[in-house]
Amino acid sequence: VVDVVQGVDHFDPDDVIDRDPEIRKFENLVAAIAGPRLLTIEDEKYAGKTELLRLIRFHARYRLNPKLPATLVDLAGGKDRYQVLLEMGGHLADAGLRLKNYQRLLDARRVRDTEAFGIKRESPPIINVSVIDSDLGAGTIIAGATDPVFNRPPDDWTAGVDQKALDACMDAFWEDLEGATQDRSVVILLDQYESASPDVRAWMLSVLENRIFRDPGHYSGLVLVLACESRKMPMAELRGIIGDRFAELVCCVPELSKWDAVHVQQWVARLKLHLLPGEIAELPARLSKRPIGALKPIYIELSAVNE
Amino acid sequence: VTSAARDELLAKLESEEDPSEVLLQLTVDRLRAVYPEIGDVVRLAAIPRRIDPAIVGVLRGDADDDRDREIFDVLASLSFARPLGDGMIAYQDGIRDSLLKRYRTDPDLHQPFKAATIRLLEHYSNIHDSSTEAHDDLRRVTHVLRRANRERLIQIAKASEDVFIPSALEALYHAALYDTNTGFALFERLFDIHAEAERFAVCRAIRVAMQTYLEQLAPDSLETRQSSLLFAQGRIEASVDELDKAEASFRSAFEAAAEPTDRIRTLGALADLLQRRSRLGESLEARRNQVQEAESLGSTPTDLAVAYISIAWVGVRLGDMAEAERGAEKLSQLGLSEANQAWVATGSAVLGIIYFALGRLDEAQESILRAFDIARLDVVTGRATLASMTLALEMLLRLDRPRLIETLRAERAELAAAPDEPRHPNEEMADDIINLLSSWLTGRAESVLAQLLERTDETPTEAVATLLARARLRGAQGRVAEAAALCDRVIALEPTGTATPEQVAEALRMRSAWRVLLGRRREAKVDADDAYARWKRIGNQPTAALSRAQLAEIVLDDGDPDAAQHILNEIATEIGEVPGNQAELHRIQARIHRLTGRTTEARDAAEAAAKSLDAVGDLDRLAEALRVVYEIASDMSDWQTGTSTAVRMAEVTAGLAMRAAYQPTDGNIEADQRNAKGSRVYYGLEPTVESPLLSAISAFRGCVEIEPDNVLYRLNLAYGLMVASQFMEAEQQLDAVARQTSVIAQSSVFEGRAILCLVSAAQEERASGDRSAAMRLFQEASERARISGRSGMLGAILLLIAETALPADIELALGSYAEAVTIGVDRKDPALAARAVAKSAAVRTVQHATDATLDDFRQAILWYRGAGDQTAYWSIVRDCSELGIPYVDDPRLRGLLARLRDDPAAEAAMERFVPTLSAGIPTGWSVKESLTLLAPDGQANVIASSEPLDPSMTTTEYADIQGEVLQKEFPGYREHGRHVSQVLGRGEGIIRQFSWDPPDGDRVMQLQLYFVEMGRGYTATATTPNSSFSALEIQLSEVLASLIIRRATPTQT
C-alpha cells in the first residue's frame, strides 16, 4: 500500500527501516487512557524524524484497527496559523473526518457569505431607473444608483469581516475536533516545530493551553505527535501547560533508536545492492563509525552507484 | 560496479566531512554520461522547495515541455528525491541544505545559483500576479455567483486559494534566498500592493513568512527589520479593527525605528489611528512630531501635504484654531511652491472655515473665493477641493453674504455673455457650483429660476418641466436635498401661474419622497396628502393612488402598519384597481404583511407585485419590488430557492439594462459615469480594471456548462458577451434561451430583444420543418413588433412570414409583401421595399403566371439603387433564390430574370472573361486548363476546367466516374440531384448538385457540370457554404450557364 495524501505527500512504508520501538510507543499512546495525548520526538537534523512521522501516519491510517484519521503538517516554510489550519482541516476531511461546522464556515468564507458569520448584510442598494421606450427595446435609462452603490466595494467583505470569519473557522475547527474526538481517535502529527514561524509556534502553544489541555475530559481521542530538532522542543512550556498530568499524557522520544547490524543489512538488502555476502557483513562495522544521520546519504549513494 | 571501486567509494565517503557532496558529484557524473546537459539542473534543483516539470524549465532557463518532463522524470528517479503526492518532488532536506550551503560558499557556483534563484523568483511572481488578478476578479463576481451557483463558487474560490497565498510565499522565499535585501524589498512592495487593495489575508501571510525567512536565513538582519515588521503588523491590526494591538505595534515600531523615514511613516500611521480613536490631542501631537521630522528630513511633498491637512482638520475639530491655521497655511504654501493647485485650493478653503470660526469674516470670504478661483482653473482640482469648499460655503451662506452671491451672479452673466463659444469644462464646473449654491438659497428660489429662464429659450412651462426633470435626476443620483430644492422652486411658482396644476402636484409628490429621505417625515406626509388631493382634483386617479400609496409607505415606515393598511383599503374602495400602479400597492401590502408577521401573505403580495411590474416593464420598480421579495426570502429559508430566482432575474435585468442602454444625462457626466459604472460593477458586468468582465463571462460560461438548462446563467452570459462585443456567441445564448423559456419573451423591457428571440426560435422551427410552429412564432413576433411600433423589425418579420407561408398560402404571402413594401416606403427604407416587391413579383410570376411584369423588378432595381446598392440586379436574384424550390427552378421566373439582366436599365449584363494564356505543347504532352471565378466576399467560387480523356468516353460515363470519386473521397457526401441540361453552348451535359464536409471548414454545397467532346472532359464546379446556397443558387446557375467552349479547341491553337 502506498499512502498518497492528495497534494501533500506520497509515502511507501518500505522506505523506512525498522522503527518498531517508536511505533510501539505510538501504539501504546493510542491505546492509553482517555484524554488528549502527546508524543514528542526529538533528534538531530536529518536523523529521520520526518520519515518516522510519515510512517506513523501510515500506521494510523492503514495498519491500526480501527483505522484512524491522521494529518501530518510540516510547520516549516513560513506558514501562518491560518495556512496550517487549512492544511490540517483539508487532510482530515480527505481522511473522512467530518468537521461539519468548520467546513460550512470555510465554504461560507469562500463565498463571502457574511450572514453565516452573524454579520448582517445590508440590503442591496436601491437602484433608481426609469425607462423610456425606444425602438431597440432595451430602453433609455436615466439612471442612477445611489451613493452606496458606487462608494462601496463590490461586496461587504472587509478585512475586519475576513478576520472574524477566519477566527470563526478556527474556533469551529477545534470545536468540531473536540466533538469528533469524543468517541474516536484522531492523530495530528506536526513536523519541524523548530522551523515554524513565531506566529505558528505561539498559536500552537496557545491552542494546547487554552483548548486541548485546558480541562480533562475534552479532546479525549486526540493523539498529537510533535517532532522537533534536539534541544529545541518547548519542553518547559509543555510541562507548564500540561502540569500534573504530564507524566500520564506525554510520551517523549528524546532521540530515535540507533540502527544495529541487522538494520544495516536490511537497508542494504532493500537497496538491492549487488554486494557479496562478505561485503554485506563488513558494512555495518564500516558504517557504524559515523552517527546514523550522517550515514543516510551514504546508503543512498550506495543505492545510486548500484542502480 | 566492481568490488574495488566500491571499496574506494566507501573509503572516500567515510573520510568526507560532508558525504552528500560526494554523493551528488557521483550522481551528476553518472547522469552526465547519459544526459550531457543534466548536471547543472540536478544541482540547481536543490533551490526550489518543490519541483515539477515547469520548475525544471525555469531552472534550465528554457521552457520546453517535452524536455522538461523528460528531465523531471530523471530527477524523480534519483534516490534522494522525495515524491510529493501531487506529481511534484522535493530533494531530501539533508541534500538540499548541503547544496545550498555549497552554493553560498563556492564562488564558482555563486553565479548560476543567483541566476536560477532570480528565475524562480520571477516565475513565482508571475504566478502570484496572475493569481492576484484572478482573486480580484472572483471577488468582483462573488456576489452574483454566490446566488447563481454557490457550489461552483466554492470550487473556484478554493482553486484560487490554493495558489494565491502559496505563490506569494514562494516568490518571497526565493527573493530572500537571493539575498535578504531583495527579499525584504519584495515583501514591502507586495505588502503595500495588497494592503492598498485590502487583501489583508495575504498581507498577514507574507509578514509572518518574511519574519520566518529572516530568522532562518539572516538572523542578524532581523533587528534592523524589526520596525518595518512591526509597522506591517500594526497596519494589519488596524485594518481588522484591533485598535489596541495596532497602537501597541505602531508604538513598538517607533521605538525600534532606526531610520528617520521609518519614524515618520510610523508617526503618521499612529496619528491616523489616534484620530480614528477620537484621541485628537494625542493625534495632533504625533502629527506635529511627524511634521517636525519630515520637514527636517525633506520628506516627499505628498507626505507633507497629507500631514498638513490632517493637522488643519484635527485642529479645527479640537478648536485649536492657531494650530489649524498653521496647518492650512503650510498646505497652501506647499501647494504654491510645488505648483499643486489642489493643495492651494484645499488650504484656502480650510483657512476660510478657520477664519469664519474666528469671526474674521472678510478674510474667510477672501479665502473661499480664492479657492473658488483655483477650482475654476482646473476641473480635476476643482473636483478634489469641492468637498471642502462646499462645507466652507455652507458656513458662509448662513450669513447670506450678498457679496458672494453678487460675485456668483457676475460669473453667471460672464458665462452667458459668450453663449456661442464652446463651453470649457471649467465653466461647466462653475455652473455646477452655482447650481449647488442655488439649492441652498431656498429663500431665493424665484431669482434662481429667473436666472434659469433667462438662459433658455424654453417657454415658462417647458422651463418648469426642465426643473422637474432635473429634480427627478438629482433624486435618482441620490442628491435628494437638491432634488427637494428643485421641487420647492416649482411649487413656489404656483401663484404666478407659470407652473401648471399637474406640475405642482407632481412636484409635491416627488418632494414628499425626497423629504422622507431627508428625515423630514412630518412635512413629507403633508406633501403626500396635498399631492393626493391635487391629483384627485385634476382627475388623474392612478397618480392620485400613487400619492396616497406614498403616504401609506411613510406611515408604515413610522411603524404603524394598521394605519398603512387602512390607507390601502381606502385606495381600494375609493379608486379601485389602478392599472400601472397595482404593483406599487402590492409591494406596500407585502411590506405590511411582513411587518405584521404574515409571511405567506407577504410572499404572495410581493410576487403579485413582481408580476404586475413585469407587465408594466418599469425597471426601477421591478427591482425594488423584487428586493422586497428578496428581503422576505432571507427570512424564509423554505422558499428561498424559488424567490432567489426572481431576485436574480430582477437584478440581472436591471444591471444589464443599465449597461445595455445607459446614456449620459444632463451634463453632470462625471456623476453619470460614476453611477453607471457603479451599477455595472455591482452587477458584476463591468470591469473596474481590464479583465473582470471576461472573468464574469468565463464564470457564467462555467455555470452554463454545469447547468445548461438554467436560463438565468445563459442570460447573464449572453449579456456579458454583448457587453464584450462578442455578439455571435451572445446571439447563440439568446437563441438557446428563447428555445428554453418564455421568460425573456415576457419581459417588455427587452421587447426588442424578445422579438428577435422569437424570430430566432421561429427560424429554428422552420429549419426543423415545423412550418406551423414557425408561423405561430413569427406571427407573435410581428404582432409585438407592430404594437411596440418597431416597424423596421416588423418589415423584416413580414418577409419571413411570407416565405414561411409559401407556397401554400399565397394570399398571406402577398399580403405580407405588400405591407412590407408600404413599411419600406413609409420608413424611407428602400431596401426593404425593394426586397418585398422583388419577392412578390417572383411569387406572382410563378404562381399567377401573368400577373407580374418586368416593371415590378425594374421598380425593385430603382429602390435598391436608392439604398446605395450597386449590384441591384444580383440582389434581386438573391431575393428570388431565397424563395427556394419551386421558385428557383421555374423557367418563367428564370426567363423573366434573364430579360431583366439583359435590360440595359438593370445594368446587369455580365462582362465576359476570355482566357489569355496560350502555350506550345511538346509532342506527347497533355494539357489541362482551368478558370477560377471568385465572389467578392469569398462566399462562392466557380472553377471550370478541361482535361484530355480517352476518346471513347461519353458525358454520362464521365459524370458517373466523377460521381464515384466524389462518393469515395468526400466526407459526408450527399447527392441532392442530377439532371441533363444544355451546357457550354454545345449540347447536353449533366449537372449534379451535392454537399459535403470539407475537413477544414463548414459544409459546402456544389453544383457540378460535366460535358465530354472530342476527347476532352469539361467540368465546372460552383461552390458555396451550405448556408449561403439558397441566396446564391440562381446566380451560380447563371454563371455556369454563361460558360461556353470557344470554337477553336485549345490543342489546335
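Cut-offs and rules
- Residues numbered from 1 in each chain as written.
- Chains lettered and ligands numbered in written order.
- Predicted model: local features only at pLDDT ≥ 70, side-chain atom pairs only at ≥ 80, totals over all residues.
- Heavy atoms only, no water.
- Helix = DSSP H or I, 4+ residues; strand = E, 2+ residues; numbered from the N terminus.
- Buried < 20%, exposed > 50% of the residue type's maximum accessible area, 1.4 Å probe, protein only.
- Contact = heavy atoms within 4.5 Å.
- Areas by Shrake-Rupley, 256 points an atom, 1.4 Å probe, with all protein chains shown as cover.
- Salt bridge = Lys/Arg side-chain N within 4 Å of Asp/Glu carboxyl O.
- Pairing = 2+ DSSP bridges.
- Axes fitted to C-alpha atoms, helices over the stretch in contact; angles between N-to-C directions.
- Phe/Tyr/Trp six-rings, centres within 6.5 Å; stacked < 30°, edge-to-face > 60°.
- Lys NZ or Arg CZ within 6 Å of the ring centre and 35° of its normal.
- Lys, Arg positive; Asp, Glu negative; His and termini not counted.
- Polar contact = N/O pair within 3.5 Å; in protein donor to acceptor, adjacent residues only side chain to side chain.
- pLDDT = per-residue confidence, 0-100.

Q: What am I meant to see in the overall build of chain A here?
A: Across its full length, chain A holds twelve helices and nine strands. Burial status across chain A gives 59% buried among its 307 residues. Taking all contacts inside chain A whose residues are at least 6 apart in sequence as the whole, residues at least 24 apart take part in 73%. Summed over its atoms, the accessible surface of chain A is roughly 12,700 Å², and 52% of this surface lies on carbon and sulfur atoms.

Q: Would you mind going over the pattern of salt bridges with me for this structure?
A: Under the counting rule described, the total for this entry stands at 64 salt bridges over all chains. Linking A:Asp162 and A:Arg109 is a salt bridge whose minimum nitrogen-to-oxygen distance equals 2.8 Å. Taken together, the residues A:Asp162 in helix α6 (residues 159–180) and A:Arg109 in helix α4 (residues 100–110) connect sequence positions 53 residues apart. A relative accessible area of 10% means that A:Asp162 is categorised as buried. B:Glu1013 is the partner of B:Arg986 in a salt bridge, and the nearest nitrogen-oxygen pair spans 2.4 Å. Placement of B:Arg986 in the loop between β5 (974–983) and β6 (987–996) and of B:Glu1013 in strand β7 (residues 1004–1013) is noted, with a sequence separation of 27 residues between them. Exposure remark for B:Glu1013: the relative accessible area of 18% places this residue in the buried category. It is possible to trace a salt-bridge network through shared partners that takes in B:Asp244, B:Glu247, B:Arg251, B:Arg277, B:Arg279 and B:Glu282.

Q: When you look at the sheet that holds β5(B) in this model, what are you seeing that I'm missing?
A: Whether parallel or antiparallel, the strands of a sheet pair through hydrogen bonds between backbone atoms. Residues and elements named next belong to chain B. Ordered by their spatial adjacency, six strands build an open sheet running β3-β4-β8-β7-β6-β5, and the pairing between neighbours is antiparallel. Only two strands of the sheet have a single partner each, and these edge strands are β3 (929–934) and β5. This sheet shows a mean twist of 15° between the axes of neighbouring strands, independent of strand direction. Pairing geometry for β3 and strand β4 (residues 941–948), over six bridges, is antiparallel. The residue bridging Ser930 from the neighbouring strand is Ser945, located in β4. On the sheet, helix α47 (residues 1029–1042) packs against β3, β4, β6, β7 and β8 (1016–1025) and is oriented at approximately 155° with respect to β8.

Q: Explain the packing of aromatic side chains to me, please; I cannot follow it from the model alone.
A: Aromatic ring pairs: the centre-centre distance and the angle between the two ring planes describe each pair. Evaluation of the coordinates by the stated rule reveals 15 aromatic pairs over all chains. Seen in terms of ring centroids, A:Phe173 and A:Trp174 are 4.9 Å apart; in terms of plane orientation they differ by 80°. Their pairing is edge-to-face. The same class applies to A:Phe173 as to A:Trp174, namely buried. Taken together, the ring pairs in this structure connect A:Tyr102, A:Phe173, A:Trp174 and A:Trp203 into an aromatic cluster. Sitting over the ring of B:Tyr178, B:Lys114 keeps its end group 4.3 Å from the ring centre. A cation over a ring is seen here: B:Arg548 above B:Tyr532, with NZ or CZ 4.6 Å from the ring centre.

Q: What should I look at first to understand the side chain of A:Glu42 in this one?
A: Residue and element names in this part refer to chain A. Here Glu42 is to be found in strand β3 (residues 37–43). Buried Glu42, no salt bridge; nearest opposite-charge side chain is Arg231, N-O distance 7.6 Å. At a separation of 3.5 Å, a polar atom in the side chain of Glu42 contacts the main-chain amide nitrogen of Arg231. Setting aside anything within four residues of it in sequence, one finds Glu42 in contact with Lys49, Cys228, Glu229, Ser230, Arg231, Lys232, Met233, Met235, Val253, Pro254, Glu255 and Leu256.

Q: In this structure, what is going on with the confidence of the model for chain B? I would like to understand it.
A: Any segment with low pLDDT has predicted coordinates that should not be analysed in fine detail. All names here are of chain B. Looking at chain B as a whole, the pLDDT averages 75, with 71% of positions reaching at least 70. Averaged pLDDT values over the elements of chain B bottom out at 35 in helix α32 (residues 640–661) and peak at 95 in helix α12 (residues 243–256). pLDDT under 50 marks residues 379–405. Its contacts with residues more than four places away, or in other chains, come to 61 contacts. Counting contacts from residues 432–458, a segment whose pLDDT is below 50, to residues more than four positions away or on other chains yields 42 contacts. Interface scoring of the predicted complex returns ipTM 0.84; its pTM is 0.53.

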